[in-house]
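Commentary on secondary and tertiary structure
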Amino acid sequence: MLAKTFVPHEVEEAIYARWENSGAFAADPASGKKPFTIMIPPPNVTGSLHMGHALTFTLQDVLIRWRRMQGRDALWQPGTDHAGIATQMVVERLLAAEGLSREQLGREAFLARVWQWKEQSGGEITRQLRRLGASLDWRRERFTLDPGLSAAVRRVFVTLAREGLIYRARRLVNWDPKLKTAISDLEVENREVKGHLWFIRYPLAGEAGRFIEVATTRPETMLGDVAIAVHPEDARYRALIGREAILPLVGRRIPVIADPFVDREKGTGAVKITPAHDFNDFAAADRYDQAHGTPLPRPSVIDREGRITLAELAGLSRDGEAAAWFDADFLASLEGMERFAARAAIVARLEERGLLVKVEDHLHTVPHGDRSGVPIEPLLTWQWFADAKVLAAPAEAAVREGRTRFVPQMWENTFFAWMRDIQPWCISRQLWWGHRIPAWYGPDGQVFVAESEEEARALARTAYGEEVALRQDEDVLDTWFSSALWPFSTLGWPDETPELARYYPTDVLVTGFDIIFFWVARMMMMGLHFMKDVPFRDVYIHGLVRDERGQKMSKTKGNVIDPLAIIEEFGADALRFTICAAAGPGRDIKLSRARIESQRPFITKLWNAARFCEMNGIRGETAPPAAASHPLSLWILAAAGRAIAAANAALEAYRFDEYALACHHFLWDVFCDWFLEFLKSPLTREAPEAAELRRVAGYVLGVVLRLLHPVIPFVTENLWGHFGFGAEGTLIRAPWPEPAAPAGAEAAYGAVEGVIRLIGEIRSVRAALNVPPAARPTLRILPGADAEGGFLGMIGTLEEQILRLAQLGTIERVQPGAALPGVRLELGGVAFGLDVAGLIDVAAETGRLRESARKLAREAEKLADKLARPDFRARAPAEVVAETEARLADLRREQQAIETSLVQLAALAG
RNA sequence: GGGCGGUUAGCUCAGCGGUAGAGCAUCUCGCUUACACCGAGGGGGUCGGCGGUUCGAAUCCGUCACCGCCCA
């Protein structure tokens, strides 16, 4: 016997273990089945399950389970990425608690420590994904630092380097002074901050007492100024172009240059140029250098920890007049000072010297490191870059040609926009945890890129003609570099494995729009370059999970909902069903406890429907009875067929919400509300058709379980085993249902739907007229000339059901011409009289009828007007005209019926 | 400043050229032998504003407003 209530946490873990241990999640490369593959976007090894994960993995699991049941060889590839910065930060924090730094420990020992952490605490999320029910093929779990995946990284790096698509260069990069590493453009977050605009006077050379005034948001960088730029057509400054100003404090002469990119409206229209600490200034210096013979210097005045450094100013010239503005002692005092402290010191000093004109409040965007949260310092450093532009072109073409399809399609725009303006990708990181860059340097700095040290040594021997000492590059690669290879590195590449041949390209990538660039774009680039084919056919982009007010969930805001707590309380199925039902196309999902609570009863409903079946001797049937002929059998089989078709159409289109809705509607509004209710009378009295109806019910219950299994796998699996549809834990492998449509099913469907409408009408009348619940009035039936035969017959067949569900005493057929006392109804060409004389308030009923007569009249008038317009008849399609006419005719009939009823009521009253 | 998305019942959202829908909430009635996490019935919307296209617009086009996101 099924328990009175379903208690998810009592069964979920056992069911999951059974699936996992029985190999139900395992892909089978040797099978003859058509593969269906999804690569999990590997979560961060330091991560733990949050609602965003719950969303993305629920949707992926729905797709995987559905396709697996359809008989596909499903591969859902699990794993985690090594998350260079995040993991290093975690372990450094642990060390700090012991009073240690990674530098004290040394690289080798530190890495050993990280591995130790990874083995013990890493990958917590893979355990949590099991709680969610995710049917990942765990035996194939990968980690981006696995030997195989690392070999793939080296192969890709070396290949691209030899093709000239990876190169080393000294460039301005986004430097994170807290983490002391370069980061890519994508890891920079532009935040709007309230800052200031400082207006500073720079003395003009050769004209004592005259100045040029500049405005800046970063006065501390003035130490590294090499020019002042004005717009070439700015009348205020035209005369100054080509002359020189004096950089105060530093005491250097710098030119006033013209650059059309200067915004004349902003500040004073004159800007200081600091090429070593600003991307725009760097570009301006480049432009200047190309137009002039003598290049501008590019002194760095801030170091890797964000402190002032004066070393690079030392070599720069300083002559007599400028030297007068040289502030030697003050300058020396800045050495090693933190950049924001230096800002304050410099502003104060400028003010003392009468060079600070004013300070204005200023709202501007400042780049911050997305991990560290500190302002980025643009810094000139040696880094490795990937030529993203060249790699992007085939990826862009693949989407343009439809070889990879975005769902919803609008995300293509985002993808194209980024691809069009793509910048060189800085792939080196000044970290220890990650793939060490496979490049070695000779004594003279010559670089040897190779997959192994031996290979590099061989290259060096050839180059130098002798054995020399080599030093490997200290840096590691961006984590996303290895993630970009995931769709093929996990399948064994660069080896030509059977898996690689079979599962690449994958079918669909499911992810959020926030990582289209990190993931989708980079996997496309690498996949196309190395596999010569796209990594996935479809990219399904879902929204972000937000709280009930539409705010992003974050720990600092304290508005996070912990999926594990929800699973503990309501069960994984309730969470999954809520998510699935809420996953409309291209929208963020507002999630709250209340929302999950409101969907949970659906699980309970399924449970109780199953209990009803069990109590009534219904057993699991995997096939519909071959000779099913009772109209209720035919009707429910037809309805199930519609539900199956709706679910398939929804899932094919990635419409998870419609899939959930179709299942919900079929189970609740059709199977429970009508089918099971219809069954009560014949089963209770053991009618002749009871045996057939039991078998059909057992079969349709199985259809429901199979249809719902992808989204609510635990409760369905539990019931599957309980009813003996198959062995315990085998629903996951059961065949996806096919519509079963015996002869006559559609006709029966229409007739039974008519009976359902009739019962609904009677219930409405009863409620509207306050007929006492215990009253059992008589229903009289008077078939009209155009009565639908099937419907009329069905009223006879389902008489006991109608009596029960409409709470009637008897049903009588009357002869034409007979009166129909009471309330008159008109349906399917049949007139019905509900004899409620004496049970109702005649005046109230008269009022009700008049009101509905008014409504009908309004509607009929609208349709009549429409039909009266010649344009409508001439231009609208014939079927629309016919439909409108039919609707009007229906309305007229209803109006007639009400008129008749009113006359009868008047007689009753009189 | 440029781009994208949104604005439909009290709330959350479908619908995207031919009768305005769902879930939740609300109101009335009901412990009818699966389920009160239930059953039955009801109320509630000039589909953000304006203009246009069309026989017909929530749906297509233009424009404005407000909200959100991305990029400068």
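For the structure itself, look to the data block above.
Quick look at the structure, then. (Residues numbered from 1 in each chain as written. Chains lettered and ligands numbered in written order. Predicted model: local features only at pLDDT ≥ 70, side-chain atom pairs only at ≥ 80, totals over all residues. Heavy atoms only, no water.)

**A word on the overall build of chain A**
From N to C terminus, chain A includes 31 helices and 29 strands. For 910 residues, the compact-globule formula gives about 29 Å, and the C-alpha radius of gyration of chain A, at 38 Å, lies well above that figure. With the C-alpha coordinates aligned to their principal axes, the bounding extent of chain A is approximately 125 × 65 × 55 Å. Across the 910 residues of chain A, 55% fall into the buried class. Put simply, 79% of the contacts in chain A that link residues at least 6 apart link residues at least 24 apart. Surface exposure of chain A reaches about 38400 Å², of which carbon and sulfur atoms provide 51%. (Helix = DSSP H or I, 4+ residues; strand = E, 2+ residues; numbered from the N terminus. Rg over C-alpha atoms; globule rule 2.2 N^0.38 Å. Buried < 20%, exposed > 50% of the residue type's maximum accessible area, 1.4 Å probe, protein only. Contact = heavy atoms within 4.5 Å. Areas by Shrake-Rupley, 256 points an atom, 1.4 Å probe, with all protein chains shown as cover.)

**Some words on helix α13 (residues 411–420)**
All of the buried residues along α13 are Trp 411, Glu 412, Phe 415, Phe 416 and Met 419. For α13, the buried positions fall inside an angular range of 140° around the axis, keeping them on one side. Tucked inside the fold, the buried residues of α13 contact α12 (388–400), β15 (405–407), α18 (516–531) and β23 (536–542). (Arc of directions from axis to C-beta.)

**Some words on the pattern of salt bridges**
Summed over all chains, the structure comprises 58 salt bridges. With its nearest N and O atoms 3.0 Å apart, the salt bridge here joins Asp 259 to Arg 287. With Asp 259 in the loop between β11 (252–258) and β12 (270–273) and Arg 287 in helix α8 (residues 279–291), the pair connects residues that are 28 residues apart, well separated along the chain. Judged by its relative accessible area of 4%, Asp 259 falls in the buried class. For Asp 657, the salt bridge is made with Arg 655, and the minimal N-O distance between the two is 2.8 Å. With relative accessibility at 23%, the residue Arg 655 sits in the partly exposed group. (Salt bridge = Lys/Arg side-chain N within 4 Å of Asp/Glu carboxyl O.)

**Overview of the pairing of β23**
Within β23, 6 of the 7 residues are buried, which leaves the element mostly enclosed by the surrounding structure. By the bridge criterion, 3 bridges tie β15 to β23 in an arrangement that is parallel. Bridge pairing in β23 links Val 407 to Tyr 540. As paired strands, strand β22 (residues 506–512) and β23 are joined by 6 bridges and run parallel to one another. Opposite Leu 509, over in β23, you have Val 539 as the bridge partner. Taken together, β22, α18 and β23 constitute a β-α-β crossover, and its handedness is right-handed. (Pairing = 2+ DSSP bridges. Right-handed = clockwise from strand over helix to strand, strands pointing away.)

**Some words on the protein's contact with RNA strand B**
Within the structure, RNA strand B sits among 36 residues, and Arg 595, Thr 604, Arg 655, Trp 668 and Pro 877 are positioned closest to it. Among all atoms of RNA strand B positioned within 4 Å of the protein, those belonging to sugar or phosphate total 65%. Measuring from a phosphate oxygen of RNA strand B, one finds a side-chain N or O atom of Trp 668 at 2.5 Å. Glu 677 places a polar side-chain atom, nitrogen or oxygen, 3.1 Å from a base nitrogen of RNA strand B. At the level of secondary structure, the elements contributing two or more residues to the surface near RNA strand B comprise α21 (593–615), α23 (656–684), α26 (745–768), α30 (870–875) and α31 (878–909). Here the element with the most residues in the surface near RNA strand B is α21; it accounts for 11 residues. (Near = heavy atom within 4 Å. Polar contact = N/O pair within 3.5 Å; in protein donor to acceptor, adjacent residues only side chain to side chain.)

**Let's talk about the sheet that holds strand β19 (residues 447–449)**
Spatially, the 3 strands line up as an open sheet ordered β19-β18-β20, and their pairing is antiparallel. Bordering the open sheet on either side are β19 and β20 (471–472), each of which pairs with just one other strand.

**Regarding helix α6 (residues 124–132)**
Every buried residue of α6 is listed here: Ile 125, Thr 126, Gln 128, Leu 129 and Leu 132. Taken end-on, α6 shows its buried residues confined to a sector of 160°, consistent with a single buried face. Buried residues along α6 sit against α2 (51–69), β3 (79–80), α19 (563–570), α20 (572–582) and α25 (713–722). Downstream of α6 by a residue or two, Gly 133 has a phi angle that is positive, lying close to 95°.

**Observations regarding the packing of aromatic side chains**
Centre-to-centre distance and the angle between the planes together describe a pair of aromatic rings. Under the counting rule described, the total for this entry stands at 33 aromatic pairs. Between Phe 6 and Trp 607 the ring centres are 4.9 Å apart and the planes differ by 35°, which places this aromatic pair in the tilted class. Of this pair, Phe 6 sits in the segment before α1 (8–21) while Trp 607 is found in helix α21, placing the two residues 601 residues apart along the sequence. Residue classification places Phe 6 among the buried residues on the basis of a relative accessible area of 15%. Put simply, the rings of Trp 635, Phe 671, Trp 674, Phe 675 and Phe 678 pair up and form one aromatic cluster. Across from the ring centre of Trp 19, 4.3 Å away, lies the NZ or CZ of Arg 65, which sits over that ring. (Phe/Tyr/Trp six-rings, centres within 6.5 Å; stacked < 30°, edge-to-face > 60°. Lys NZ or Arg CZ within 6 Å of the ring centre and 35° of its normal.)

**Here we look at the packing of helix α7 (residues 147–162) against α18**
Viewed as axis vectors pointing N to C, α7 and α18 meet at an angle of 80°, and their least axial separation amounts to 12 Å. With respect to α18, the axis of α7 lies roughly perpendicular. The residues of α18 that touch α7, namely those facing Val 156, Thr 159 and Leu 160, are Met 526, His 529 and Phe 530. Residue composition of the contact of α7 with α18, by class: 4 nonpolar, 2 polar and no charged. (Axes fitted to C-alpha atoms, helices over the stretch in contact; angles between N-to-C directions. Parallel < 35°, antiparallel > 145°, perpendicular 65-115°, else oblique. Nonpolar A, V, L, I, M, F, W, Y, C, P; charged D, E, K, R; others polar.)

**Side note on the environment of Gly 527**
Of note, Gly 527 is situated in helix α18. Residue Gly 527 is classed as buried on the basis of its relative accessible area, which comes to 0%. Expressed as a C-alpha distance, the spacing of Gly 527 and Leu 391, which sit 136 residues apart in the sequence, is 10.0 Å. Among residues more than four places away in sequence, those in contact with Gly 527 are Phe 488, Tyr 504, Lys 532 and Asp 533.

**Some words on the side chain of Ser 372**
Within the secondary structure layout, Ser 372 lies in the loop between β13 (356–369) and β14 (377–386). At 2.5 Å, the side chain of Ser 372 forms a polar contact with the side chain of Asp 176. Looking at Ser 372, its side chain comes within polar contact range of the main-chain nitrogen of Val 374, at 3.3 Å. Among residues more than four places away in sequence, those in contact with Ser 372 are Asp 176, Lys 178 and Leu 179.

**Digging into the packing of α21 against α23**
Each pair of packed helices gets described by two things: the angle between the helix axes and the distance between those axes. Their axes nearest at 11 Å, the elements α21 and α23 cross at an angle of 30°. One finds that α21 runs roughly parallel with respect to α23. The two elements α21 and α23 meet at a crossing, and its hand is left-handed. Contact residues: α21 offers Pro 601, Phe 602, Lys 605, Leu 606, Ala 609, Phe 612 and Cys 613, while α23 offers Cys 663, His 664, Leu 667, Trp 668, Phe 671, Cys 672, Leu 676 and Lys 680. By residue class, the composition of the contact of α21 with α23 is 12 nonpolar, 1 polar and 2 charged. (Left-handed = near helix turned anticlockwise from the far one by under 90°.)

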